[in-house]
Amino acid sequence: MDSRTGLHLDYLSLAELEAAHWAGVMGVATFDGSRVELAAAQIPVAEVNTPLLGDAGGLFEVWRTQQTVESGTHGRVRYARTADMLFGCIAVKESALPDSIADGVRTPLYDATEQAYREILGTVDALGYAHLIRVWNYVPEINRDTHGTERYRQFNSARQAALLGGGRPVTGNVSAACALGAAAGSPLVVYFLSSHTAPIFIENPRQISAYNYPPQYGARSPVFSRAAVLEEPGGMTLFISGTASIVGHRTIHAGDPAAQTRETLTNIEALLGEANRITGSEGFTFEALACKVYVRHPEDLPVIQAELRAAIGPTPRAVYLQADICRRDLAVEIEATAMVAPRAGA
Ligand code: 3EB
């Protein structure tokens, strides 16, 4: 994986990060309040508030490339870009927004979400990286009801409205994504990758597309694709969205975190198959994945880890974070990234 050029993802400890060089780093995400100092001053850092499980010490999600990187800000979006792609992040506090429901829809979280997305779309349009590939959303207290509606649903309504307002589709060619809970009092944090050229979007044959979920999951559907593939001259990157124990549109195995993990891995396997089929590759395998596993209840960590080892092998590349999942009956969600050699003849 290291010999390829193009985008590269690593999950690093603080010691590894300090030993690494900053050349080519496009963006960093932290999860436990760790700060990246000095050398990284120019690099956008998304400060996510989802505690680390298992290992002690910091964890840094580092996106790098071998191309020249230039960083900047556009409104509240901090970004770094190469000629082909852009990493960006934004944090929006709800506390600065009026705590009332303005028109039956607008809540502080709705407004924060709409602002974040309006700024993100404005940035990628202004700089010429209009295709959102992958978006990470961290919504404080995602399962709490306020103003008569669950906050995840408030977020979904605002995300959809902002995408429509920005001239984007809300079905079909929409970015891969995840949406997780973050600790109370955190800002809404969104980070993303976007590109000049359109990626390939992939759906899961075992699941109804999220943008077609029936209204029981909220007045406005979540807008995301199950996966996206970015092709670069040096290789292909598969971004698997947050994936859970959902078949069709229904949660299955409620109350059973081990079975939910197995079902989630079956969904990921289906996406790997689709990615290989659509790109004509054989490289998208469990072994190629770097996984980020969101665990609702820390006490479920051992059974979830055991299922990953059983499916992927004794030492899966996986990091574990505590986060609420967007449906209350989901105990686990897994996102994954795989980087493989270019397809033959490409
Ligand atoms: C699901 O499949 C589980 O709202 O952006 C997964 C990935 C989920 C992304 C989002 C939500 C999102 O519906 C939840």
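Definitions and limits used
Residues numbered from 1 in each chain as written. Predicted model: local features only at pLDDT ≥ 70, side-chain atom pairs only at ≥ 80, totals over all residues. Heavy atoms only, no water. Helix = DSSP H or I, 4+ residues; strand = E, 2+ residues; numbered from the N terminus. Rg over C-alpha atoms; globule rule 2.2 N^0.38 Å. Contact = heavy atoms within 4.5 Å. Areas by Shrake-Rupley, 256 points an atom, 1.4 Å probe, with all protein chains shown as cover. Axes fitted to C-alpha atoms, helices over the stretch in contact; angles between N-to-C directions. Left-handed = near helix turned anticlockwise from the far one by under 90°. Nonpolar A, V, L, I, M, F, W, Y, C, P; charged D, E, K, R; others polar. Phe/Tyr/Trp six-rings, centres within 6.5 Å; stacked < 30°, edge-to-face > 60°. Buried < 20%, exposed > 50% of the residue type's maximum accessible area, 1.4 Å probe, protein only. Lys NZ or Arg CZ within 6 Å of the ring centre and 35° of its normal. Near = heavy atom within 4 Å. Polar contact = N/O pair within 3.5 Å; in protein donor to acceptor, adjacent residues only side chain to side chain.

Per the secondary structure count, the protein includes five helices and 20 strands. The C-alpha radius of gyration computed for the protein amounts to 19 Å, which stays within 12% of the reference 20 Å derived for 346 residues, consistent with globular compactness. Once the C-alpha set of the protein is aligned to its principal axes, its extents read approximately 55 × 45 × 40 Å. Counted over contacts in the protein with a minimum sequence separation of 6, partners at least 24 positions apart contribute 76%. Summed over its atoms, the accessible surface of the protein is roughly 13,600 Å², and 51% of this surface lies on carbon and sulfur atoms.

It is worth spelling out the packing of helix H4 (residues 257–279) against helix H5 (residues 301–312) at this point. Contact geometry of H4 with H5 gives a least axis separation of 9 Å together with a crossing angle of 35°. Read as a crossing pair, H4 and H5 show a hand that is right-handed. Touching Pro257, Ala258, Thr261, Arg262 and Leu265 of H4 are Val303, Ile304, Glu307, Leu308, Ala311 and Ile312, all from H5. Tallied by class, the residues present in the contact of H4 with H5 amount to eight nonpolar, one polar and two charged.

All told, the structure shown has nine aromatic pairs when counted by the stated rule. Ring geometry for Phe87 against Tyr191: centres 5.8 Å apart, planes inclined by 35°, an arrangement best described as tilted. A residue pair is termed long-range when its members are at least 10 positions apart, and Phe87 in strand S7 (residues 85–92) and Tyr191 in strand S12 (residues 188–195) qualify at 104 residues. Pair check on accessibility: Phe87 and Tyr191 agree, each one buried. Counting every residue linked through ring pairs, the aromatic cluster contains Trp63, Phe87, Trp136, Tyr138, Tyr191, Phe239 and Tyr294. For Arg134, the ring lying beneath its charged end belongs to Trp136, and the centroid distance is 4.2 Å. The ring of Tyr213 carries the charged tip of Arg327 above its face, separated from the ring centre by 5.1 Å.

Attention now moves to the site of the ligand. Neighbouring the ligand are 13 residues, the closest being Tyr152, Arg159, Tyr213, Arg226 and Cys326. In the model, an oxygen atom of the ligand is placed 2.6 Å from a nitrogen or oxygen of the Tyr152 side chain. Between an oxygen atom of the ligand and a side-chain N or O atom of Arg159, the distance comes to 2.7 Å. Considered on its own, the ligand offers 360 Å² of accessible surface; in the complex 99% of this is hidden by protein. In terms of residue count, strand S11 (residues 176–182) provides more of the shell around the ligand than any other element does, three residues in total. A class-by-class count of the residues in the shell around the ligand yields nine nonpolar, one polar and three charged.

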